[in-house]
Amino acid sequence: MPVISTSAVRRTALGAAGAAVAGIGYASLIERNAFVLREATMPVLPTGSSSLRVLHISDLHMTPGQKLKQQWLRELDRLEPDLVVNTGDNLSHLKAVPSVVQSMGGLLSRPGLFVFGSNDYFAPVPKNPLKYFKKDHCRVYGAPLPWQDLRAAFTERGWLDLTHVRRDLEVAGVRIATAGVDDPHLQRDRYDTVAGVPNPLADLRIGLTHSPEPRVLDRFAEDGYDLVLAGHTHGGQLVLPGYGALVTNCGIDKSRVKGASKWGDHTQLHVSAGVGTSPWAPYRFCCRPEATLLTLVAAPPRRPLSEADRGLSASEAVAR
């Protein structure tokens, strides 16, 4: 057997430790503040519809001193979206409401929809990061946050709170039926309060939830919603090249941890990787903080069933 010298072992250990320190420094000081606008096109509108631009923002986890984040958010109004959707976890500090409202700036003058997440209701607390790998771990809640003040600020400017309500609106000539639930991560969702087929006269049906739990996504899909928007996952926050996200922090699979995917035969899902992080876990790796500008366009006509398909079950026909 080859003999490995003590000095070689020491050099290897020091090299590994140096790489780890560099990685942590990059994740906490650089990538965490490397905000990016992602763009995606989603075919969810009826044939012949004009496109609709939707800005999806989520998981700000704002504290008053985060000036870079606040400035970047204010600049998003330049995109001139037709609709703004906020899927929660705006706060991380008792005094962060003014920072959030000022950061939203001109976006609050545009049509908007929102639901809240756990970190709108309760301040984050330190916890063992290994708990994220255990879905049923015991949750510890921090001090109550002033979510009522944030809700008042949003609704006074015209944004619609979709927490357990159904609302119809028209944006840029598109009739939209909407509904939302409170945060499933806290077991606060009560889908039965909004259950049922949305307005059949609507051109587009949008559902909102903070955490994309399958039990909620299934209900939206069963009721015929075209698009469901969610946040919460932070895109995994720590992503290994060639492997992907380590965790989703909810019930969806890792392939859906961020971005667009399909849920069932008809419903499209978009999960935001979010803008912020918990103050107690201030790092991102291969998962930049983001907002997403979604361009909603007309869906292609659905392929009619062939004679061969008619002899198959519905799920088999979709698979083909």
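Cut-offs and rules
- Residues numbered from 1 in each chain as written.
- Predicted model: local features only at pLDDT ≥ 70, side-chain atom pairs only at ≥ 80, totals over all residues.
- Heavy atoms only, no water.
- Helix = DSSP H or I, 4+ residues; strand = E, 2+ residues; numbered from the N terminus.
- Buried < 20%, exposed > 50% of the residue type's maximum accessible area, 1.4 Å probe, protein only.
- Contact = heavy atoms within 4.5 Å.
- Areas by Shrake-Rupley, 256 points an atom, 1.4 Å probe, with all protein chains shown as cover.
- Disulfide = S-S within 2.5 Å.
- Polar contact = N/O pair within 3.5 Å; in protein donor to acceptor, adjacent residues only side chain to side chain.
- Arc of directions from axis to C-beta.
- Core = buried A, V, L, I, M, F, W, Y, C linked by side-chain atoms within 4.5 Å.
- Patch = residues over 30% accessible without salt bridge, like charges linked within 9 Å, V, L, I, M, F, W, Y side chains within 5 Å.
- Salt bridge = Lys/Arg side-chain N within 4 Å of Asp/Glu carboxyl O.
- Pairing = 2+ DSSP bridges.
- Axes fitted to C-alpha atoms, helices over the stretch in contact; angles between N-to-C directions.
- Phe/Tyr/Trp six-rings, centres within 6.5 Å; stacked < 30°, edge-to-face > 60°.
- Lys NZ or Arg CZ within 6 Å of the ring centre and 35° of its normal.

Visitor: I'm lost on the overall build of the protein in this one. Help?
Guide: Across its full length, the protein holds 7 helices and 14 strands. The 320 residues of the protein split such that 47% are buried. Contacts in the protein between residues far apart in sequence, at least 24 positions, make up 74% of those at least 6 positions apart. Per element, the accessible surface of the protein, about 15400 Å² overall, is 57% carbon and sulfur.

Visitor: Please clarify how the state of the cysteines should be interpreted in this entry.
Guide: Joining two cysteines, a disulfide is a covalent bond between their sulfur atoms. Inspection of every chain in the model, using the stated rule, returns 0 disulfides. Free of any disulfide, Cys-286 has its nearest cysteine sulfur in Cys-287, 8.7 Å distant.

Visitor: Would you take a moment to explain the side chain of Asn-119 for this structure?
Guide: Note on placement: Asn-119 falls in helix H4 (residues 118-121). Only 2.9 Å separates the side chain of Asn-119 from the backbone oxygen of Phe-122, close enough to count as a polar contact.

Visitor: Which parts of the structure should I look at to understand helix H2 (residues 67-74)?
Guide: Note: α-helices contain 3.6 residues per turn, so residues at a spacing of three or four share the same orientation. For H2, the set of buried residues is Lys-69, Gln-70, Trp-72 and Leu-73. In an axial view of H2, the angular spread of the buried residues amounts to 165 degrees, which keeps them on one side of the axis. Summarising the geometry of H2, the exposed residues directed more than 90 degrees from the buried face are Lys-67 and Leu-68. For H2, the secondary structure elements touched by its buried residues are strand S1 (36-45), helix H3 (97-104) and strand S14 (290-298).

Visitor: Even after reading the chapter, I still don't get the nonpolar core, so can you show me in this structure?
Guide: For soluble globular proteins, nonpolar side chains are generally found buried alongside one another. Core analysis: the largest hydrophobic core is formed by 28 residues, its most contacted members being Leu-73, Leu-76, Val-100, Met-104, Phe-154 and Trp-159. At the level of elements, strand S2 (52-57), H2, H3, helix H5 (147-156) and S14 are the ones that each hand at least two residues to this core. For this core, the leading source of residues is H3, giving 3 residues. In this view, Phe-154 contacts Asn-86, Asn-90, Val-100, Met-104, Leu-108, Phe-114, Phe-116 and Trp-159; residues no more than four positions away in its chain are not counted.

Visitor: Please explain a nonpolar patch on the surface as it appears in this structure.
Guide: Side chains of Tyr-26, Leu-29 and Ile-30 sit close together on the surface and give an oily, nonpolar patch of about 320 Å² of accessible area. Examined against the element boundaries, Tyr-26 turns out to sit in helix H1 (residues 6-30).

Visitor: Explanation requested: the pairing of strand S12 (residues 259-263) in the structure shown.
Guide: On a regular strand, each side chain points to the face opposite its neighbour's, so the side chains alternate between the two faces of the sheet. Sheet analysis places S12 next to strand S13 (residues 267-271), joined by 5 bridges and oriented antiparallel. Residue pairing in the sheet places Gly-259 in a bridge with Val-271 of S13. Connecting the antiparallel pair S12 and S13 is a turn made up of 3 residues, with Gly-264 showing a positive phi of about 80 degrees.

Visitor: What is the right way to look at the sheet that holds strand S7 (residues 174-180) in this model?
Guide: In sheet architecture, strand pairing relies on hydrogen bonds along the backbone and comes in two forms, parallel and antiparallel. An order of S6-S7-S8-S9-S13-S12 is seen for the 6 strands of this open sheet, with the pairing classed as mixed. Every other strand in the sheet has two partners, leaving strand S6 (166-171) and S12 as the edge strands with one partner each. Taking the axes of each pair of neighbouring strands and ignoring which way they run, one obtains an average angle of 25 degrees across the sheet. Relative to S7, S6 runs antiparallel, the two sharing 6 bridges. Bridge pairing in S7 links Arg-167 to Thr-178.

Visitor: How do you make sense of the sheet that holds S14 when you look at a structure like this?
Guide: Taken in spatial order, the 6 strands make up an open sheet running S1-S14-S2-S3-S4-S5, and their pairing is mixed. One side of each edge strand has no neighbouring strand; the edge strands of this open sheet are S1 and strand S5 (160-161). Relative to S14, S1 runs parallel, the two being bridged by 9 bridges. Looking at the pairing, Ala-40 lines up with Leu-294 of S14.

Visitor: It is not clear to me how the environment of Leu-91 should be interpreted in this structure. Could you clarify?
Guide: Residue placement: Leu-91 occurs in the loop between strand S3 (83-86) and H3. In sequence terms Leu-91 and Phe-116 are 25 residues apart; their C-alpha atoms lie 9.8 Å from each other. With residues up to four places along the chain from it excluded, the contact list for Leu-91 reads His-61, Met-62, Ala-96, Val-97, Val-100, Asn-119, Asp-120, Leu-145, Pro-146 and Leu-150.

Visitor: When you look at the packing of aromatic side chains in this model, what are you seeing that I'm missing?
Guide: The relative placement of two aromatic rings is captured by the distance of their centres and the angle of their planes. This model, assessed by the stated rule, comprises 10 aromatic pairs. Among the aromatic residues, those joined into a cluster by ring pairs are Phe-114, Phe-116, Tyr-121, Trp-147, Phe-154 and Trp-159. Of note, Arg-188 hangs over the ring of Tyr-121, and the distance from its end group to the ring centre comes to 3.9 Å.

Visitor: For this particular structure, what's the right way to read the environment of Arg-190?
Guide: Tracing the backbone shows Arg-190 in the loop between S7 and strand S8 (204-208). A residue is classified by how much of its surface remains accessible, and Arg-190, at 45% relative accessible area, is partly exposed. Distance in space between the C-alpha atoms of Arg-190 and His-164 is 6.9 Å, their sequence separation being 26 residues.

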